[in-house]
Amino acid sequence: MSAILCGVGGYVPASVTTNADLAERLDTTDEWIRSRTGIRQRHVVASGESTSDLAVRAGAAALKSAGVDSVDLVVLATTTPDHPCPATAPAVARALGLDRVAAFDLSAVCSGFVYGLATVAGFLETGLAERVLLIGADTFSTIIDPTDRGTAAVFGDGAGAVVLRRGTDDEPGALLAFDLGSDGDLTELITVRAGGSKYPLSVGTMTTADHRFAMQGKAVYRQATRWMTASANAVLARLGWQPGDVDCFVGHQANQRILEAVGRDLGVAPDRVFMNVDRVGNTVAASIPLALADASAAGVLRPGDKVVLTAFGGGTTWGSVALIWPEL
Amino acid sequence: MEQEKIRAMVVEFVRGVDGVTEKVSTTASFEELGVDSMSTIDLLMKVEREFGIEVPDERLPMIVNIQDLVNFVASAQQEVRP
């Protein structure tokens, strides 16, 4: 048995922050941001809008794309849940009218969606579920340090979702090979230091930026390039695919420069490396499903395409999945 | 490998970065040479590959110009050598 991708949808909040908007309040320029990241704009939630609101919209779009109105399980990959406790997935399921189904959150930062695909594939292959809604949604605008140009310029809010069902390996949309990994020595590279059990929130942590998201950009750039390339190569090797066989490489939309470097190191032609990072920025767990929704809607992803998805994120974590794109 | 040879190779790598002018000073910062932070990492990764060494993450902030990089490569190669 295998997990078959059979629906995709995405959603970004209406409000847009352009590079010019950021240049008004930060020591940066449109040129500085574009040359280092390729990002022109990012979407941000309005006051009162939260991760679950975006997740519900993307989830509904994916259910519609799959032509179904029920699933047995909802998994939400996120690093910015509505509350530290409880998980956000049950509320998302309820809002989608998916009453009393199994629902939980999964946390692997920017690799969350790929880890989610592997997780739900396990549920489907073992028969614990027949159909699953997997959503990646994040609102990093709520946790970044707005005075840090290294992160404020990079991250955007959004959600993306896929529906997967139980099927067989030879069906289009079957998840054919996985690679997952982590390196806990590099925890400090991508972190919100305070607010967990090690450094509980206090007046003290609130006076520093420790409750805000922080990233060591240079080291992340290097690690992301290294591990996204290695992980994508691992799934190619498992399937006996050559880099030239890949019709569409959908990497985590962290940064245009990382995606270009990974494409180059893999040996995948630049026109086969999909990018929407210029329009949405780094949307963390939403990044890959949002890119899939965009690429599918734009006709860039066509039925029968050999597709490799690869992510790198906090933890650090990384992972890849390969599939043949289905008719949606 | 002698310092001079390492320097010559590193200078060639730096000249290969987009936007870098022909004349490169070994003590001017990478930023001043037109090598932005991410191109610096590309450069380091190329140096790692070509010289068969590894630059630990914690050393990244200390390598800000060509001379720093040459010194690092020379010392790393000494360590590798038995």
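Before reading on, note that the structure itself is shown above.
Quick look at the structure, then. Please read all numbers here as calculations on a predicted model, not as lab measurements.

**Focus: the overall build of chain A**
Counting its secondary structure elements, chain A contains 11 helices and 13 strands. A compact globule built from 328 residues would reach a C-alpha radius of gyration of about 20 Å, and chain A, at 18 Å, matches this within 12%. Its C-alpha atoms give chain A principal-axis dimensions of about 55 × 45 × 35 Å. Expressed as a percentage of its 328 residues, the buried residues of chain A come to 53%. When contacts within chain A are restricted to residue pairs at least 6 apart in sequence, those whose partners lie at least 24 apart make up 78%. Surface exposure of chain A reaches about 12900 Å², of which carbon and sulfur atoms provide 51%. When the 26 positive and 35 negative side-chain charges of chain A are each reduced to one mean point, those points stand 3 Å apart.

**With respect to the packing of helix α8 (residues 217-239) of chain A against helix α9 (residues 256-266) of chain A**
Packed helix pairs are specified by the crossing angle of their axes together with the interaxial distance, meaning the distance between the axes. All names here are of chain A. Interhelical geometry of α8 versus α9 gives an angle of 40 degrees and a closest axis separation of 9 Å. If you check the angle between α8 and α9, you find them oblique. For the element pair α8 and α9, the recorded crossing hand is right-handed. Note on element contacts: α9 touches α8 through Arg-257, Ile-258, Leu-259, Ala-261, Val-262, Asp-265 and Leu-266, opposite Tyr-221, Ala-224, Thr-225, Met-228, Thr-229, Ala-232 and Asn-233. Residues belonging to the contact of α8 with α9 are distributed by class as follows: nine nonpolar, three polar and two charged.

**Some words on the sheet that holds strand β5 (residues 102-106) of chain A**
Residues and elements named next belong to chain A. If you trace the five strands from one edge of the open sheet to the other, you get β1-β7-β6-β4-β5, paired in mixed fashion. Each of the sheet's edge strands pairs with one partner strand only, and the pair in question is β1 (2-11) and β5. Taken pair by pair, the neighbouring strands of this sheet meet at an average axis angle of 20 degrees, ignoring direction. Across nine bridges, strand β6 (residues 131-139) lies against strand β7 (residues 157-167) in antiparallel orientation. Its bridge partner lying in β7, Val-132 is registered against Leu-164.

**Structural notes on the sheet that holds strand β12 (residues 306-313) of chain A**
Working definition: the strands of a sheet are paired by backbone hydrogen bonds and lie parallel or antiparallel to each other. Residues and elements named next belong to chain A. Judged by pairing direction, the sheet is mixed, and its four strands sit side by side in the order β8-β13-β12-β11 without closing on themselves. With partners counted over all chains shown, the strands left at the sheet margins are β8 (175-182) and β11 (248-251), one partner each. Direction aside, neighbouring strands of the sheet carry axes that sit 10 degrees apart on average. One ladder, built from four bridges, connects β11 with β12; its direction is parallel. Paired with Cys-248 across the two strands is Val-307, which belongs to β12.

**Details of the packing of aromatic side chains**
Counting across every chain of the model gives seven aromatic pairs over all chains. The interplanar angle of 10 degrees and the centroid separation of 4.0 Å between the aromatic rings of Trp-227 of chain A and Trp-318 of chain A together place this pair among those described as stacked. Within this pair, whereas Trp-227 of chain A is found in helix α8, its partner Trp-318 of chain A is found in strand β13 (residues 317-324), the two being separated by 91 residues in sequence. Trp-227 of chain A gets classed as partly exposed once you look at its relative accessible area, which sits at 27%. Arranged with centres 6.5 Å apart and planes meeting at 65 degrees, the rings of Phe-13 of chain B and Phe-51 of chain B form a pair that is edge-to-face. Linking Phe-13 of chain B in helix α1 (residues 3-15) with Phe-51 of chain B in helix α3 (residues 37-51), this pair joins segments that are 38 residues apart in sequence. The same class applies to Phe-13 of chain B and to Phe-51 of chain B, which are both buried. One aromatic cluster is present, built from ring pairs that chain together Phe-140, Phe-155 and Phe-213 of chain A.

The rules behind these values
Residues numbered from 1 in each chain as written. Chains lettered and ligands numbered in written order. Predicted model: local features only at pLDDT ≥ 70, side-chain atom pairs only at ≥ 80, totals over all residues. Heavy atoms only, no water. Helix = DSSP H or I, 4+ residues; strand = E, 2+ residues; numbered from the N terminus. Rg over C-alpha atoms; globule rule 2.2 N^0.38 Å. Buried < 20%, exposed > 50% of the residue type's maximum accessible area, 1.4 Å probe, protein only. Contact = heavy atoms within 4.5 Å. Areas by Shrake-Rupley, 256 points an atom, 1.4 Å probe, with all protein chains shown as cover. Lys, Arg positive; Asp, Glu negative; His and termini not counted. Charge placed at Lys NZ, Arg CZ, Asp CG, Glu CD. Axes fitted to C-alpha atoms, helices over the stretch in contact; angles between N-to-C directions. Parallel < 35°, antiparallel > 145°, perpendicular 65-115°, else oblique. Left-handed = near helix turned anticlockwise from the far one by under 90°. Nonpolar A, V, L, I, M, F, W, Y, C, P; charged D, E, K, R; others polar. Pairing = 2+ DSSP bridges. Phe/Tyr/Trp six-rings, centres within 6.5 Å; stacked < 30°, edge-to-face > 60°.

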